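Structural description and commentary
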Amino acid sequence: MKRTLFFVMVVCAALGLHAQTTVNVRGSVKDALSNEELIGVTVLVIETGNGTVTDINGNFELTVPVNNTLRISYVGYSNQEIVITNQTVLEINLQPKTQLMDEVVVVGYSAQKKSTLTGAVAPVNVDDMERRRVADVRQALQGQVAGVQVTQSTGAPGDEIDIRIRGEGTIGNNNPLYVVDGVPTRELAFINPSDIESMTVLKDASAAAIYGSRASAGVIVITTKGGVAGKTKFEANFYSGIQYASNLPKMLNAEQYMNVVEKAWNNAGYSGTNPYTADKGRSDFADTDWLDELFEPGHMQNVQMTASGGSDKLQYLLSLGYVNQDGIVVYDNDKYKRFNFRTNINANLTERIKIGTNMQLSYAVQDKLSSKGDAPGIIRHALLRPPVIPVFKSPDDPTYSERNPFTDLPFYVHNNRDTGGWESDKYEWTQNPIALAYFTDDTHSHFKTFGNIFGEISFLPEKELTYRTNAGIDLNFLHDKAFYANFGDDDGGGSQIDRGLGRQNRPNGLNEYRGEELTFTWNNTLSYNKMFNLHSLNALVGSEFITNYGSGINASRRRYEYDTEKFRYIDFGSTEQDLWNGGSGSEWALMSYFTSLTYVYDMRYMLTANFRADASSRFAEKNRWGYFPSLSIGWKLSEEQFLKKQEWLSDLKLRASIGQLGNQEIANYAYLTLIKKDGDKYLISRYGNPDLKWETTTQYNVGLDIGVLRNRLYFTADYFQKYTTDILLPISLPSIVGDVQPTIVNAGEVSNRGWEFGITLRNSESAFKYNINANISTVKNRVEKLHPNLPSLVGSVTRTEPGQPLNAYYGYVFEGVYQNTNEIKTHLHGTTNPTPVPGDIRFKDLNGDGRIDDNDRDFIGDPNPGLLYGLNFSGSYKNFDVAILFQGVGNVDRYNDSKKIIDYDTRPFNYTTNILNAWDGEGSTNTIPRVSFTDNGSSRISSIFVEDASYLRLKNVEVGYSFTNIRKLGLQNIRIYVSAQNLFTLTNYTGLDPESTDLIDMGTYPQSRSFICGINFSF
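Here we summarise the structure given alongside this text. (Residues numbered from 1 in each chain as written. Predicted model: local features only at pLDDT ≥ 70, side-chain atom pairs only at ≥ 80, totals over all residues. Heavy atoms only, no water.)

Counting 70 residues, the largest nonpolar core has Val329, Val388, Tyr427 and Tyr911 as the members making the most contacts within it. Counting residues per element, the ones that place at least two in this core are α5 (254-267), α7 (290-294), α8 (378-384), α10 (433-439), β43 (841-843) and α13 (897-903). Of all the elements, α5 adds the most residues to this core, at 7 residues. In this structure valine 329 touches Leu294, Phe295, Glu296, Asp334, Leu369, Ile379, Ala437 and Tyr1005, once residues within four positions along its chain are discounted. The next biggest cluster of nonpolar side chains, apart from the first, holds 26 residues, and it includes Val124, Ile163, Ile165 and Phe190. (Core = buried A, V, L, I, M, F, W, Y, C linked by side-chain atoms within 4.5 Å. Buried < 20%, exposed > 50% of the residue type's maximum accessible area, 1.4 Å probe, protein only. Helix = DSSP H or I, 4+ residues; strand = E, 2+ residues; numbered from the N terminus. Contact = heavy atoms within 4.5 Å.)

Okay, structure coming up:
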């Protein structure tokens, strides 16, 4: 009986003990400021991974083991952790992140509290950036940060995107340095925008000097997402959209075109019968809208899937992404695809030792079209080709073939031009843009492995001292393959072996290139972080070694007997002649030592100093080392006693900085003399420059930060001056020296100065929450000095010389249209036989000698933007949310060569409808000259083709709805959304796209208007 009683007591005790090991916890989660219930908040037991989300009333219920920890997390709020002992009811208030000034910002090789920053450092709002729905993360940065210009060079999928931080600082490479998870790189297209956790722009020298030699154009630091402890969480995002060409010019139809070319013939003063008058009403004429034929709706899809989770010892994240974009040009030869896979693993081996890796694979394929007016100029020829020419030949045409049904030479009959075989004299030798799009086969593929492995160990009782070693790899495999198919009409030209072939790509051929490049980075840092009462000290020393090796081979052949896709390989080309092959390799290395110190006293006085020494293999031994110091200070007036009691003032800080940065972006071995063998002789092909040294940028910055009403309203202002000296320039030697390549020398100075302003207005204390971010910046670019032997750098339409901005447009100044003969004689009194006639362009006689010659040329435009601005709005009401982005550029000019060759050319290309307002008699207009097949003055480079390319663009609008009370479906959250991009553009620019980065706009692939639908869900 005693044994039985004892057994029962043990069982009861055990049951009682078990009953006490778990607690049924009920609770509510609210906004700490507005006291409003928060829906869909994640409540997670860290140790077990079990969790739930709050319901529509902000309530939750969960069984929790005693002494386990609850983590409460919600987007836009700071996490909160609570250890459960015997609590059964919890009232949790989450603090909005937007109200916190202790947000940690990644700068240099460490992180720093935003409240103690003294340099011009701009954290990017990743939530706003993610809603752009773009393939390239650089596009998402557009309009987000003051002083940062992001320009999509063309609208073609996969084309390059340029970033400029505080203007063009040098005549060479102006691209910023990107640092992704501690690994530096010069490209960013491989990153999936959804993988980014944080992004910080280091704009001034004090912030970027820690990166020294490669930071002269600024630095963008990116941290990718990692896993968090807890139950595995799956997230997926899918969107699909359709794209259209927009802002296209209105071209002449066939009837209008014939009337205009008829008038052009008459105005040219030719004798005989006007051939265009006789051609009116021809039955073989078409009425082709070439732009409408060229552009079709494009499509885009994006899929992103992520799995993350772990424990306190190990956290992981796996990410898979796929983007597919088919551009707006017909025949699908302007596609872009990219596959991304990323893994992030962090392991806490002990309380003091941590290791991890972040590796990603990327494979991108771009079907490349001529998107900038470059050969063969698909967009350009769509503007030029006369509307009377049809797209396709008639099947009854004896030259018609199923393989090549497109028209080519205007009204082609046979290959004898002298007997009227085709009518190019009347309708010009343009190419059929639809045929160009069809036959284009130019594929660029890029496989990249990018990532790092790191180890970290902490010392001292409070882990104040940390050693970290980080090894990074950037491995690239490139493959470019272009096949040039023969097509078009036979014009009787070409070599004897190619007789009878079409005039395009005669003969056919294949060019192929394969290359690889490996960059290895190894850095080691020792950091010390400690607070002593009112003193805070953060010190860092480190070293970095970077080595790069690249090599490539290329080959080409011509005359492929079979040109179907299966035969488009090098071995199937002719081996009798026209064989080319080549290969090369290069390498460079960088060894660096750096140190940084940040000291803060009583959260009022702040000082940060950086110093970096770099040795680059691109310079001769005596000039190999470059030294880059910086210093910045801050004074937080809001912590002073005379302001601390002002409850309305949350933050007031003054900042100032000075520092130097370097640039080594020149060709490898530029300091060496190159020799080539010519027969039995050895000739110098380039003279080296052993005195070559670092290009240096010195930058000054003063700033002001003001926050009021618990930082609901926050304002920043910066003024900067940036001077680049010892600019690396290629100098051509006199012809007497021989046929040699330019020698690179240190010559020239360029300055940039300007203002940057940013303002943020937040409201999270009511049912309708919103966040408004606006920024505006100015920059003034100026060339201060060039080499004595190179007083100016002259381009086809530009001139760079001291006192002017980089690449300023240079030419004649348009001042109207001659209205009568007397005006011509009066204006050109120094010319005995003036060639202009009434209706021609009148140029300004700058020196007053009565002649228009080279002495009357002047600077007529600045391609460097003087004003950048952006406006972001995001808001939410209950389960609805909305985001809007406006972005614009001001005070910028562009040379519109398309305007020149369409509306002002002396050949019978097509015209825009603007030509209908051309001069047609005295007093008719003073802006558009007469239409003519003889020169009306438009052959000169002049200000009539330099246009204001300022614009305001509604970049993005997104509206979404979140379903949160869906736990019965096994899901935590579902969000559906619709998005539209490039809805409208306000501009006076008459080209296809004012955002083009080219100095000369020869017909740019325009950015498209997009409409997107998508869904996000997590479980």
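This is not the end of the story, as more comes after the structure.
What follows is about α5. Along an α-helix, a turn takes 3.6 residues, which lines up residues three or four apart on a common side. The terminal C-alpha atoms of α5 lie 20 Å apart, and with 14 residues this matches the ideal 20 Å at 1.5 Å per residue to within 8%. Considered for burial, the residues of α5 that qualify are Ala254, Tyr257, Met258, Val260, Val261, Glu262, Ala264 and Trp265. Considering only its buried residues, α5 is in contact with α6 (275-279) and α9 (424-427). Of the residues flanking the start of α5, the one acting as N-cap is asparagine 253, its side-chain oxygen 3.2 Å from the backbone nitrogen of glutamate 255. Count one or two residues on from α5 and you reach glycine 269, which has phi positive near 75 degrees. (Expected span 1.5 Å × (residues − 1). Polar contact = N/O pair within 3.5 Å; in protein donor to acceptor, adjacent residues only side chain to side chain.)

Further remarks concern the sheet that holds strand β16 (residues 219-224). Strands belonging to one sheet form pairs held by backbone hydrogen bonds; the direction of such a pair is parallel or antiparallel. An order of β10-β15-β16-β13-β14 is seen for the 5 strands of this open sheet, with the pairing classed as mixed. Edge positions in the sheet fall to β10 (121-123) and β14 (183-185), since each of these pairs with one other strand and no more. Between one strand axis and the next, the sheet turns through 20 degrees on average, direction left out of account. As paired strands, strand β15 (residues 196-202) and β16 are joined by 6 bridges and run antiparallel to one another. Paired with serine 198 across the two strands is threonine 223, which belongs to β16. (Pairing = 2+ DSSP bridges. Axes fitted to C-alpha atoms, helices over the stretch in contact; angles between N-to-C directions.)

The 4 strands are arranged β3-β2-β5-β6 in an open sheet whose pairing can be described as antiparallel. Both outer strands of the open sheet, β3 (51-53) and β6 (80-83), are each paired with one neighbouring strand and no more. Direction aside, neighbouring strands of the sheet carry axes that sit 15 degrees apart on average. Sheet analysis places strand β2 (residues 42-45) next to strand β5 (residues 69-73), joined by 4 bridges and oriented antiparallel. Looking at β5, one finds that leucine 44 is bridged to arginine 71.

Moving on: the environment of glycine 218. Of note, glycine 218 is situated in the loop between α4 (205-208) and β16. Its relative accessible area of 3% is what places glycine 218 among the buried residues. Sequence separation between glycine 218 and valine 148 is 70 residues; the distance between their C-alpha atoms is 9.7 Å. If sequence neighbours within four positions are ignored, glycine 218 has contacts with Ile165, Pro176, Leu177 and Leu202.

Attention now goes to the packing of aromatic side chains. Applying the stated criterion to the full structure yields 46 aromatic pairs. On the numbers, 4.9 Å between centres and 45 degrees between planes, the contact of phenylalanine 190 with phenylalanine 450 is tilted. Of this pair, phenylalanine 190 sits in the loop between β14 and β15 while phenylalanine 450 sits in strand β22 (residues 440-459); the two residues are 260 residues apart in sequence, bridging distant segments of the chain. For the pair shown, phenylalanine 190 and phenylalanine 450 are each scored as buried. Taken together, the ring pairs in this structure connect Tyr257, Tyr276, Phe285, Phe411, Tyr427 and Phe933 into an aromatic cluster. Sitting over the face of the ring of tryptophan 588, arginine 618 holds its NZ or CZ atom 4.8 Å from the ring centroid. Geometry around tyrosine 951 places arginine 953 over its ring, the cationic atom sitting 5.3 Å from the centre. (Phe/Tyr/Trp six-rings, centres within 6.5 Å; stacked < 30°, edge-to-face > 60°. Lys NZ or Arg CZ within 6 Å of the ring centre and 35° of its normal.)

A few words on the pattern of salt bridges. According to the stated counting rule, one finds 58 salt bridges in the structure shown. A salt bridge links arginine 568 to aspartate 441; the nearest nitrogen and oxygen atoms lie 2.7 Å apart. Residue arginine 568 is found in the loop between β25 (535-558) and β26 (580-601), and its partner aspartate 441 is found in strand β22; the two are separated by 127 residues along the sequence. Using a relative accessible area of 16% as the deciding quantity, one classes arginine 568 as buried. Between glutamate 947 and lysine 899 there is a salt bridge, with its nearest N and O atoms 3.1 Å apart. Of this pair, glutamate 947 sits in strand β48 (residues 946-948) while lysine 899 sits in helix α13, and the two are 48 residues apart along the sequence. Where salt bridges share partners, they join Arg131, Arg133, Asp881, Glu958 and Arg975 into one cluster. (Salt bridge = Lys/Arg side-chain N within 4 Å of Asp/Glu carboxyl O.)

With that out of the way, let us pick up a nonpolar patch on the surface. Residues Ile675, Tyr682, Ile684, Tyr687, Leu733, Ile736 and Val737 make up a contiguous nonpolar surface patch of about 690 Å² in total accessible area. Relative to the helices and strands, tyrosine 682 is located in strand β31 (residues 681-686). Given the relative accessible area of 58%, tyrosine 682 is considered exposed. (Patch = residues over 30% accessible without salt bridge, like charges linked within 9 Å, V, L, I, M, F, W, Y side chains within 5 Å. Areas by Shrake-Rupley, 256 points an atom, 1.4 Å probe, with all protein chains shown as cover.)

On the surface, Glu255, Asp287, Asp289, Asp292 and Glu293 cluster together to form a negatively charged patch. Within the fold, glutamate 255 resides in helix α5. (Lys, Arg positive; Asp, Glu negative; His and termini not counted. Charge placed at Lys NZ, Arg CZ, Asp CG, Glu CD.)

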